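Chain residues, written in single-letter form:
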Amino acid sequence: MADNPRTLADVQRTVLAVHKMSAIKCTLSFYDTWYELYEQDVKLLDYRAPLLASMSLADVMPEDRDQALILDVACGTGLVAMQLQKLGFCNFHGLDGSERMLQLAESKSVYQTLQKCIIGTESLPLSSDTYDAVLIVGALSEGQVPCTVVPELHRVTKPGGFVCMTTRINVSNQLYKSQLQAVIEKMEQKGLWVKVIVQEIEQWEKATSVHETEQDSTYIPGVIYIYQKSKGSEFKK
Ligand SMILES: C[S@@+](CC[C@H](N)C(=O)[O-])C[C@H]1O[C@@H](n2cnc3c(N)ncnc32)[C@H](O)[C@@H]1O
């Protein structure tokens, strides 16, 4: 990968712009222009969500990782599958709404299938009870994938399988984070899944501005949720 001529301040401005977008079409068009610099830029931001989520999932799936079928929702350029592959997982399907991000993911030759779709506004184009694990990393936030996707993540997961979700806990994502947690907990109360891991990470990624941190830190926190789908569960609205 060539050296990144961009500075942390350039990247902070770019990511802040994404976080401020409210229309999904704008967000996806933006990713279509950002795709080439995405991986270099998120490295400058010390974005470790793909690594942290993959390690957490691997912890709860110690056996037969090479047999497991994994769905990477909002897969972007493929950073999550690349991390999971290092941990012994081999079978990946990916979904994303950005054509260009998907093209980069395709070039990694890690995914068996990749599909373009808008996530969260309608059902995922996938059969129920299919995946051993479903991940969505770095995309559950304001202006990206709405919390309405959560029942769909559950639907496509096999009974006994795992759903791994991440979100940021910066100031401007607090409302979204609360809504997400409410959806997750309501499904838990209904017995659709059980909590396996809820882990807050203090240094999730570098903040895009001083206004995004509550303490005197250059990083914002984030959270990883892993839930296990109950055997025989069906989502009831
Ligand atoms: C920050 S990137 C994360 C990509 C990857 N999971 C990672 O951690 O590097 C967010 C990705 O979500 C996709 N995305 C955001 N909102 C979406 C939506 N509603 N439907 C489809 N894709 C979406 C973008 O195209 C982008 O590739």
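Residues numbered from 1 in each chain as written. Predicted model: local features only at pLDDT ≥ 70, side-chain atom pairs only at ≥ 80, totals over all residues. Heavy atoms only, no water.

Counted according to the given criterion, the structure contains seven salt bridges. As a salt-bridge pair, D132 and K158 come within 3.1 Å of each other at their nearest N and O atoms. Of the two residues, D132 sits in strand β4 (residues 131-136) while K158 sits in strand β5 (residues 157-168), which places them 26 residues apart along the sequence. Given the relative accessible area of 18%, D132 is considered buried. For K158, a relative accessible area of 31% puts it in the partly exposed group. (Salt bridge = Lys/Arg side-chain N within 4 Å of Asp/Glu carboxyl O. Helix = DSSP H or I, 4+ residues; strand = E, 2+ residues; numbered from the N terminus. Buried < 20%, exposed > 50% of the residue type's maximum accessible area, 1.4 Å probe, protein only.)

The next subject is the site of the ligand. Not every one of the 22 residues close to the ligand is listed here, only the nearest: Y38, Y47, A74, D96 and V137. The contact in question runs from a nitrogen atom of the ligand to an N or O atom on the backbone of V137, over 2.8 Å. A distance of 3.4 Å separates a nitrogen atom of the ligand from a polar atom in the backbone of Q144. Protein contact buries 98% of the 590 Å² of open area that the ligand shows by itself. (Near = heavy atom within 4 Å. Polar contact = N/O pair within 3.5 Å; in protein donor to acceptor, adjacent residues only side chain to side chain. Areas by Shrake-Rupley, 256 points an atom, 1.4 Å probe, with all protein chains shown as cover.)

Let us now look at the packing of helix α3 (residues 49-60) against helix α4 (residues 79-86). The interhelical angle for the contact between α3 and α4, taken along N-to-C directions, is 45°, at an axis separation of 9 Å. Looking at the two axes, α3 sits oblique to α4. Of the two possible hands of crossing, α3 and α4 adopt the one that is right-handed. Here P50, L51, S54 and L57 of α3 lie close against α4, whose contacting residues are L79, V80, Q83 and L84. Of the residues contributing to the contact of α3 with α4, the split by class is six nonpolar, two polar and no charged. (Axes fitted to C-alpha atoms, helices over the stretch in contact; angles between N-to-C directions. Parallel < 35°, antiparallel > 145°, perpendicular 65-115°, else oblique. Left-handed = near helix turned anticlockwise from the far one by under 90°. Contact = heavy atoms within 4.5 Å. Nonpolar A, V, L, I, M, F, W, Y, C, P; charged D, E, K, R; others polar.)

Worth remembering: the numbers are spatial, not functional.
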